[in-house]
Amino acid sequence: MSQNQGDEMEYAADDYEMADVDDDMYFRGRVMGDSESDDDDGYDRSDNKIKDTSAADARRGKDIQGIPWETLSISREKYRQTRLEQYKNYENIPQSGEGSEKECKPTKKGGMYYEFWRNTRSVKSTILHFQLRNLVWSTSKHDVYLMSHFSIIHWSSLSCKKTEVLNVSGHVAPCEKHPGSLLEGFTQTQVSTLSVRDNLLIAGGFQGELICKYLDRPGVSFCSRTTYDDNAITNAVEIYDSPSGAVHFMASNNDCGVRDFDLEKFQLSKHFCFPWPVNHTSLSPDGKLLVIVGDNPDGILVDSQTGKTVMPLCGHLDFSFASAWHPDGHIFATGNQDKTCRVWDARNLSKSVAVLKGNLGAIRSIRFTSDGHFMAMAEPADFVHVYDAKNGYEKEQEIDFFGEISGVSFSPDTESLFIGVWDRTYGSLLQYNRCRSYLYLDSML
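The model shown is predicted, which means the values in this text are computed figures rather than measured ones.

Caption draft 1: Expanded view of the overall build of the protein chain. When its secondary structure is counted, the protein chain shows 5 helices and 35 strands. Per-residue burial for the protein chain yields a buried fraction of 60% across its 445 residues. Considering only intrachain contacts with a sequence separation of at least 6, the fraction spanning at least 24 residues in the protein chain is 52%. Here the protein chain has roughly 18,500 Å² of accessible surface; of this, 48% comes from carbon and sulfur atoms.

Caption draft 2: Broad picture of the pattern of salt bridges. Enumeration over the complete set of coordinates arrives at 17 salt bridges. In this structure, Asp63 and Arg76 form a salt bridge, with 3.5 Å as the shortest nitrogen-oxygen distance. With a gap of 13 residues between them, Asp63 in the loop between helix 2 (55-59) and helix 3 (76-86) and Arg76 in helix 3 connect regions that are remote in the sequence. Across the salt bridge formed by Glu404 and Arg133, the nearest N and O atoms sit 2.7 Å from each other. Here Arg133 lies in the loop between strand 7 (114-120) and strand 8 (136-138) and Glu404 lies in strand 33 (residues 395-410), a separation of 271 residues in the sequence. A relative accessible area of 2% means that Glu404 is categorised as buried. In this structure Arg133 comes out as buried when scored by relative accessible area, which is 2%.

Caption draft 3: A look at the layout of surface pockets. Roughly 1,000 Å³ of internal volume is contained in the largest pocket. Along the wall of the largest pocket there are 37 residues; nearest its centre are Trp137, Arg197, Glu238, Ile239 and Phe368. Looking at the lining of the largest pocket, the elements that each hand over two or more residues are strand 8, strand 14 (191-197), strand 18 (234-241), strand 22 (278-283), strand 26 (320-325), strand 30 (365-368) and strand 33. For the lining of the largest pocket, the element with the most residues is strand 18, which contributes 6 residues. Among the residues forming the lining of the largest pocket, the class breakdown is 16 nonpolar, 16 polar and 5 charged.

Caption draft 4: Up close: the sheet that holds strand 27 (residues 331-336). Spatially, the 4 strands line up as an open sheet ordered 26-27-28-29, and their pairing is antiparallel. The sheet is open, and its two edges are formed by strand 26 and strand 29 (354-357), each paired on a single side. Taking the axes of each pair of neighbouring strands and ignoring which way they run, one obtains an average angle of 20° across the sheet. Pairing geometry for strand 26 and strand 27, over 5 bridges, is antiparallel. Looking across to strand 27, one finds that Ala324 is bridged to Ala333.

Caption draft 5: Inspection of the packing of aromatic side chains at higher detail. Tallying each qualifying case throughout the model produces 13 aromatic pairs. Between the aromatic rings of Phe222 and Phe266, the centroid separation amounts to 5.0 Å while the plane-to-plane angle is 20°, which identifies the pairing as stacked. Pair noted here: Phe222 is in strand 17 (residues 222-225) and Phe266 is in the loop between strand 20 (257-262) and strand 21 (267-273), with a separation of 44 residues, a long-range link. For the pair shown, Phe222 and Phe266 are each scored as buried. Pairwise contacts between aromatic rings join Tyr113, Tyr114, Phe374 and Phe410 into one cluster. Between the NZ or CZ atom of Arg217 and the centre of the ring of Tyr214, over which it lies, the distance is 3.9 Å. In this structure, Arg367 packs its charged tip against the face of Trp137, placed 4.6 Å from the ring centre.

Caption draft 6: Expanded view of the sheet that holds strand 23 (residues 289-294). Reading across the sheet, the 4 strands line up as 22-23-24-25 and stay open at both edges, with antiparallel pairing between neighbours. Both edges of this open sheet fall to strand 22 and strand 25 (309-313), since each of them pairs with a single strand only. Within the sheet, the average angular offset between the axes of one strand and its neighbour, ignoring direction, is 20°.

Caption draft 7: Just the pairing of strand 7, in detail. Alignment of strand 5 (residues 53-54) against strand 7, held across 2 bridges, turns out to be antiparallel. Note on strand 7: the bridge partner recorded for Thr53 is Asn119. Where strand 7 lies against strand 35 (residues 428-434), 6 bridges are found, and the strand directions are antiparallel. If you follow Arg118 over to strand 35, its bridge partner there is Gln431.

Caption draft 8: Structural view of the environment of Cys104. Within the element layout of this structure, Cys104 appears in the loop between helix 4 (96-99) and strand 6 (108-109). In this structure, Cys104 is in contact with Thr340, Val355 and Lys357, ignoring residues within four places of it in sequence.

Caption draft 9: The arrangement of the side chain of Arg80 in detail. With respect to the helices, strands and loops of the structure, Arg80 is situated in helix 3. Of the residues examined, Arg80 reaches a relative accessible area of 9% and is grouped as buried. Ignoring sequence-local partners within four residues, the contact set of Arg80 consists of Asp382, Phe383, Asp400, Phe401 and Phe402.

Criteria and thresholds
Residues numbered from 1 in each chain as written. Predicted model: local features only at pLDDT ≥ 70, side-chain atom pairs only at ≥ 80, totals over all residues. Heavy atoms only, no water. Helix = DSSP H or I, 4+ residues; strand = E, 2+ residues; numbered from the N terminus. Buried < 20%, exposed > 50% of the residue type's maximum accessible area, 1.4 Å probe, protein only. Contact = heavy atoms within 4.5 Å. Areas by Shrake-Rupley, 256 points an atom, 1.4 Å probe, with all protein chains shown as cover. Salt bridge = Lys/Arg side-chain N within 4 Å of Asp/Glu carboxyl O. 1 Å grid on protein atoms, 1.4 Å probe; cavity = no way out; pocket = protein on both sides within 12 Å on 5 of 7 lines; lining within 4 Å. Points joined across faces, edges and corners; volume = space filled by probe spheres on them. Nonpolar A, V, L, I, M, F, W, Y, C, P; charged D, E, K, R; others polar. Pairing = 2+ DSSP bridges. Axes fitted to C-alpha atoms, helices over the stretch in contact; angles between N-to-C directions. Phe/Tyr/Trp six-rings, centres within 6.5 Å; stacked < 30°, edge-to-face > 60°. Lys NZ or Arg CZ within 6 Å of the ring centre and 35° of its normal.

Shown next as structure tokens:
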């Protein structure tokens, strides 16, 4: 991933805000998204309390993000077109997005797999690095964890309450003693990536920090720095069950390393090095294979025990930042800055099963539902695509809104889909619920 984070975060923050597309878009005297000061406290000056949008509101025609298009000098359709024309996709290899188009699989739009449930404006989802978008994690259909500035927040859609789980703006130090743990801890950690599963939360930082916290225990259990390399940023973290049943996590770093930790002892168990910075890693359901993607157009499939290459993954034209395995253990997907998601079959890697195209930019996050029926791929902004994986990725639901995407997450039971939206005015948490046909109820009527 890119090392010049200062200039590029300015690129992300300044170029992509809703305010910067049309200078004539004013909402009660202010440009949409042009200030982070007054409106970040959760209030709309014209109407006291910021209003969330419910499914009932949306059915009555209200914009799901609460954007008052009727008071603006531009329609939603016109603004969408302007956004499509002006959004700048970040590429490390020029024209990679145009070059990837010829292989893309045509898909039918109009699928309806998840329906809008709620847009929560009081939950401000934020990002720190424009290429890293794994900052939203659901642990149940009602519980989601996300980054909001220097705080890791828990949101309950059942009680509609948010709780600060961990604040990293000050000093964070472990309250347990483990060999290799940095007892002095860290100060002002810039969280680059997050992973939450069951009762375990792991945050990775810009200086190679790893902070491990059990949600059912007070304090922090473990702090470590993966490397003191100048290019140390932790790009991704994955929590998984090893074949022995022990819980492990894997960290992907910009120093070209992938490190595996045993969470029972908080000890480093494996360390693999690759020729380029590793942006994302995914372990197969049987624990035998690793997908490694990073600052190279080709990814690699490697043996999880030895780190040796099993097969290269050839086809992408730019750097990749996302990967995920289908629960069947054969299919996996990779997301790239060439605006595509490639679906692969580990049994035949000579060509991709499907090449799926985004609208605006890079595919920065990919998730499969636990039952394998659906796959979500998130662009950097505005679009999340949900594909019917069970039927060959031929049909999709396109979820369309405005704002940078901090992360996407299906709940473990597949019932909910959460999307973090980062925008200085309309930042929020979107929740979609799985569409169900309860035909057995019809017989009762």
